[in-house]
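Residue-level listing of the chains:
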Amino acid sequence: MAITFDLIKTAKLNKVDPQAWLTWVLERIADHKINRLNELMPWNYSPEE
């Protein structure tokens, strides 16, 4: 639960809708390279994608 709350709070601090961002991440994470996880962070999220 703590990790989930941290992810939601991080999204909110970056002025990102947490539900939209988490949906976006979950759609991409299975095929994403582990050394490029920083690309999935809230500050790199753009709802237009």
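Thresholds applied
In this convention, every chain numbers its residues from 1, walking through the sequence in written order. Owing to the predicted nature of the model, reporting of local features is limited to residues with pLDDT of at least 70; listing and counting of side-chain atom pairs is limited to 80 or more, with chain, interface and lining totals taken over all residues. Derived side-chain values reflect all non-hydrogen atoms in the structure, with water molecules and hydrogen atoms excluded from consideration. UniProt positions are given in the numbering used here, feature names are shortened, and annotations may be inferred rather than shown by experiment. Runs of E in the DSSP output that reach at least two residues are strands. Runs of H or I that reach at least four are helices, and both are numbered from the N terminus. Centres within 6.5 Å make a pair out of two Phe, Tyr or Trp rings, where for Trp the six-membered ring is used; the pair is then stacked when the planes are under 30 degrees apart, edge-to-face when over 60, and tilted otherwise. Residue burial is assigned from relative accessible area. The probe radius is 1.4 Å, only protein chains are included, and a residue is buried under 20% of its type maximum, exposed over 50%, and partly exposed in between.

An unreviewed UniProt entry lists the protein chain under the name Transposase domain-containing protein, with Profundibacter amoris as the source organism.

A.B. asks: I'm lost on the UniProt feature "domain: Transposase IS66 C-terminal" (unreviewed entry) in the protein chain in this one. Help?
C.D. replies: Mapped onto the present numbering, the UniProt feature "domain: Transposase IS66 C-terminal" (unreviewed entry) falls at residues 7-43. Across residues 7-43, the secondary structure splits into 49% helix and 0% strand, with the terminal C-alpha atoms separated by 12 Å.

A.B. asks: Could you clarify how one ought to interpret the packing of aromatic side chains in this entry?
C.D. replies: Think of a pair of aromatic rings as described by two things: how far the centres are apart, and how the planes are tilted against each other in angle. In the structure shown here, the tally under the stated rule is one aromatic pair. A centroid spacing of 5.1 Å and a plane angle of 65° characterise the contact between W24 and Y45, whose relative ring orientation is edge-to-face. A residue pair is termed long-range when its members are at least 10 positions apart, and W24 in helix α2 (residues 18-28) and Y45 in the segment after α2 qualify at 21 residues. Each of the two residues, W24 as well as Y45, counts as buried.

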